[in-house]
Amino acid sequence: MNTAQLVNIWFEKWNTGDFQNLPITDSFEHTSPFGIVKGKQVYINLVHENKDKFLGYVFDIHDVIYMVDSACVRYTAKQGNDFSLDVSEWYYFKNNLIDKVFAYYHIGDIREERSYKN
């Protein structure tokens, strides 16, 4: 399988809620602003325990870059009518599976000392 196929399967599994069959390695690592989750089963368990936060999204994919062993996707994830999240994710592949994901997105209000001055 090539990187485009794997990324498409990743999003298809999230669209259908079939997170238990994500195309990920046993040593899968997911890094996000919430931290690092190591191990396929640990990740699957985390999603299972937090389905309300992981499932039910519609993905609007804006840009994709495919390389031999990696890919980058920029998208907007929408959950219901009142939640939207702009995300950029890097995917790294090993043995025709996703081995690592690095997700970049904003998870909270910007502190006043970090705001731009006009």
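How each quantity is defined
Residues numbered from 1 in each chain as written. Predicted model: local features only at pLDDT ≥ 70, side-chain atom pairs only at ≥ 80, totals over all residues. Heavy atoms only, no water. Buried < 20%, exposed > 50% of the residue type's maximum accessible area, 1.4 Å probe, protein only. Helix = DSSP H or I, 4+ residues; strand = E, 2+ residues; numbered from the N terminus. Pairing = 2+ DSSP bridges. Contact = heavy atoms within 4.5 Å. Salt bridge = Lys/Arg side-chain N within 4 Å of Asp/Glu carboxyl O.

**With respect to the pairing of strand β4 (residues 70-79)**
Consecutive residues of a regular strand have side chains that alternate between opposite faces of the sheet.
Point 1. For β4, the tally of buried residues reaches 8 of 10 residues, placing the bulk of the element in the interior.
Point 2. As paired elements, strand β3 (residues 57-66) and β4 share 9 bridges and run antiparallel to each other. Across the sheet, Val-64 pairs through a bridge with Val-73, a residue of β4.
Point 3. Hairpin connection, β3 to β4: the antiparallel pair is bridged by 3 residues.
Point 4. Note: β4 against strand β5 (residues 83-94), 10 bridges, orientation antiparallel. Across the sheet, residue Ala-77 finds its bridge partner in β5, namely Leu-85.

**Details of the side chain of His-30**
Point 1. Tracing the backbone shows His-30 in strand β1 (residues 24-32).
Point 2. In this structure, His-30 is in contact with Gly-35, Ile-36, Val-37, Tyr-43, Glu-89, Val-101 and Ala-103, ignoring residues within four places of it in sequence.

**Re the pattern of salt bridges**
Point 1. Tallied over the full model, the rule gives 3 salt bridges.
Point 2. As a salt-bridge pair, Asp-52 and Lys-53 come within 3.5 Å of each other at their nearest N and O atoms. For the residue pair Asp-52 and Lys-53, the accessibility class agrees, reading exposed in each case.
Point 3. Residue Asp-63 pairs with Arg-74 through a salt bridge whose shortest N-O separation is 2.7 Å. With Asp-63 in strand β3 and Arg-74 in strand β4, this residue pair connects regions lying 11 residues apart in the sequence.

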